[in-house]
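Single-letter residue listing:
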Amino acid sequence: KFEFNPKVGIDNPALTLTEDTDGEGVGEPRFYLLTKESTETFGFCLHEELGCQGHVIRQIELGGVAQRRGLQDGDRLLQVNGHFVDHMDHLRVVQKIKASGNQVLLAVLDGDSYETAKSLGRDLSQMLPEDIRPRLCHVTRDKSGFGFSVSCPEGTKGTFQLSVLQDGPADRAGVPPGCWLLELNGDSVKGYSHTQLTRKLKQSGSKVTLLVASSAVEEFYRLRGLRVTAALADTSRLPFKVRELHLVKGPAGYGFLLKEDDCSSGGVGQFLWDVDAGLPAEQAGMREGDRVLAVNGESIEGLDHEQIVHRIRAREDQVTLLVIDPAGDQFYHSVGPGDTLLLWL
């Protein structure tokens, strides 16, 4: 049983099943969901060090988010938001963390175990679960319905398992059979009775968005004391996609105008307008009304208009923008907090 030790300051440690699974000095990866305020950092630095393999966790801030969760100096970073990164270029890994906004899920291995595993020639990706992400699915009703039914243990609330009709709307939308329903249209179902859930489904009209998790994924988070959120979901089956635009400046410039405006879902955003025909912006796939999410791989969350313009101009002849169209922007805000959008990339 874990007891809080104020001298250590760890208030939500990641749990591991064993310290050494194979008798060769190789421990288990540990998982941490770090959540910070917009004015905070995650409280650690990621280093690439001469004579030291991997992406190394260093400079853990005393009392910071990383230290409170239990990250240790010398840990090696293996995964960011469910993506294996040990083989990636260091700068790219740093950018993935920065692009995560205010929440990031990390998988790490202690330094000694990492070095031992490397010396033994072990495939570190095989030490991690194949898929630890819940799934967001957007289901459109047909004449037969949504194509799934819901079961709930009698007398309980918030525990719903889905049976999925083969080749029905839910199946085509990627809802796995036997999965557990966590959210409906962006709202947690934890407090719903079966009757309330049925009523909510009827009120949804012809389309519903489900956050679901397989039994294995649900158990993975539960055993580690982590909360499953839409921000961590696999969104590959959704009809709304973010797009990466790579622009190389021509003699007449990029051919677009960046404007700050109110978002339909609340808050302020940076939008792309006046896309000139035949110039680099249009050729890269830019559309009128696209909202900018990141510049050159880094989130623009929390930056003002002038800072974003400066980032776009930082490289004299080229820029890479991550954007989403208005329909996609509104959809993602309906199923999760806006500042976690970049976790879905």
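Residues numbered from 1 in each chain as written. Predicted model: local features only at pLDDT ≥ 70, side-chain atom pairs only at ≥ 80, totals over all residues. Heavy atoms only, no water.

You can see N296 is positioned in the loop between strand 16 (291-295) and strand 17 (298-299). For N296, a relative accessible area of 12% puts it in the buried group. Those residues in contact with N296 that lie beyond four places of it in its chain are Q95, R311, R315, V319 and T320. (Helix = DSSP H or I, 4+ residues; strand = E, 2+ residues; numbered from the N terminus. Buried < 20%, exposed > 50% of the residue type's maximum accessible area, 1.4 Å probe, protein only. Contact = heavy atoms within 4.5 Å.)

Another point: helix 3 (residues 111-119). Given 3.6 residues per turn, any residue in an α-helix points the same way as the ones three and four places further on. What helix 3 keeps buried is the set G111, S113, Y114 and A117. Buried positions in helix 3, seen along its axis, are confined to an arc of 165° and lie on one side of it. Of the residues in helix 3, the exposed ones pointing more than 90 degrees away from the buried face are D112 and S119. For helix 3, the elements touching its buried residues are strand 3 (52-58), strand 4 (76-80) and strand 6 (103-109). Near the N-terminus of helix 3, the side chain that reaches the backbone nitrogen of D112, with its oxygen 3.3 Å away, is that of D110. Following helix 3 by one or two positions, G121 adopts a phi angle in the positive range, close to 75°. (Arc of directions from axis to C-beta. Polar contact = N/O pair within 3.5 Å; in protein donor to acceptor, adjacent residues only side chain to side chain.)

It is worth spelling out the side chain of H138 at this point. With respect to the helices, strands and loops of the structure, H138 is situated in strand 7 (residues 135-140). Classification of H138 as buried rests on a relative accessible area of 17%. Here T209 takes part through its side chain, which lies 2.8 Å from a polar atom of the side chain of H138. Sequence-distant contacts of H138, that is, excluding residues within four places in its chain, are made with A173, K207, V208, T209, L238, P239, F240 and F331.

All right, on to helix 2 (residues 90-98) then. Among the residues of helix 2, H90, V93, V94, Q95, K96 and I97 are the ones counted as buried. The backbone nitrogen of L91 lies 3.1 Å from a side-chain oxygen of the residue at the head of helix 2, namely D89.

A few words now on the packing of aromatic side chains. A full pass over the atoms with the stated rule returns five aromatic pairs. Arranged with centres 6.1 Å apart and planes meeting at 20°, the rings of F146 and F148 form a pair that is stacked. Both rings, one in F240 and one in F331, keep their centres 4.6 Å apart while their planes meet at 25°; by these two values the pair is stacked. Within this pair, whereas F240 is found in the loop between helix 6 (215-223) and strand 13 (243-248), its partner F331 is found in helix 9 (residues 326-335), the two being separated by 91 residues in sequence. Here F240 and F331 have matching classes, each one buried. Over the aromatic face of F42 sits the side chain of K36, whose NZ or CZ is 5.4 Å from the ring centroid. The cationic tip of R141 hangs over the ring face of F146; the distance from NZ or CZ to the ring centre is 4.3 Å. (Phe/Tyr/Trp six-rings, centres within 6.5 Å; stacked < 30°, edge-to-face > 60°. Lys NZ or Arg CZ within 6 Å of the ring centre and 35° of its normal.)

A probe as big as a water molecule, rolled over the atoms, marks out the empty space that is left. Size it by volume and the second largest pocket reaches roughly 530 Å³. Every residue lining the second largest pocket is counted, 19 residues in all, and those nearest its centre are K36, F42, I97, K98 and G101. Elements supplying a minimum of two residues to the lining of the second largest pocket: strand 2 (45-49), helix 2 and strand 17. With three residues, helix 2 is the single largest residue contributor to the lining of the second largest pocket. In the lining of the second largest pocket, the residues fall into seven nonpolar, seven polar and five charged. (1 Å grid on protein atoms, 1.4 Å probe; cavity = no way out; pocket = protein on both sides within 12 Å on 5 of 7 lines; lining within 4 Å. Points joined across faces, edges and corners; volume = space filled by probe spheres on them. Nonpolar A, V, L, I, M, F, W, Y, C, P; charged D, E, K, R; others polar.)

The next point concerns the pattern of salt bridges. One pass over the structure, following the stated rule, counts 13 salt bridges. Of the charged contacts, one joins E49 and R58 as a salt bridge, the two residues approaching to 2.7 Å between their closest N and O atoms. Assessed through its relative accessible area of 24%, E49 is described here as partly exposed. Notably, a salt bridge pairs D329 with R291, separated by 2.9 Å at the nearest N-O pair. In this pair, D329 is assigned in helix 9 and R291 in strand 16, connecting sequence segments 38 residues apart. You'll find D329 and R291 in the same group, each marked buried. Overlapping salt bridges, with partners in common, bring together E49, R58 and D73 in one network. (Salt bridge = Lys/Arg side-chain N within 4 Å of Asp/Glu carboxyl O.)

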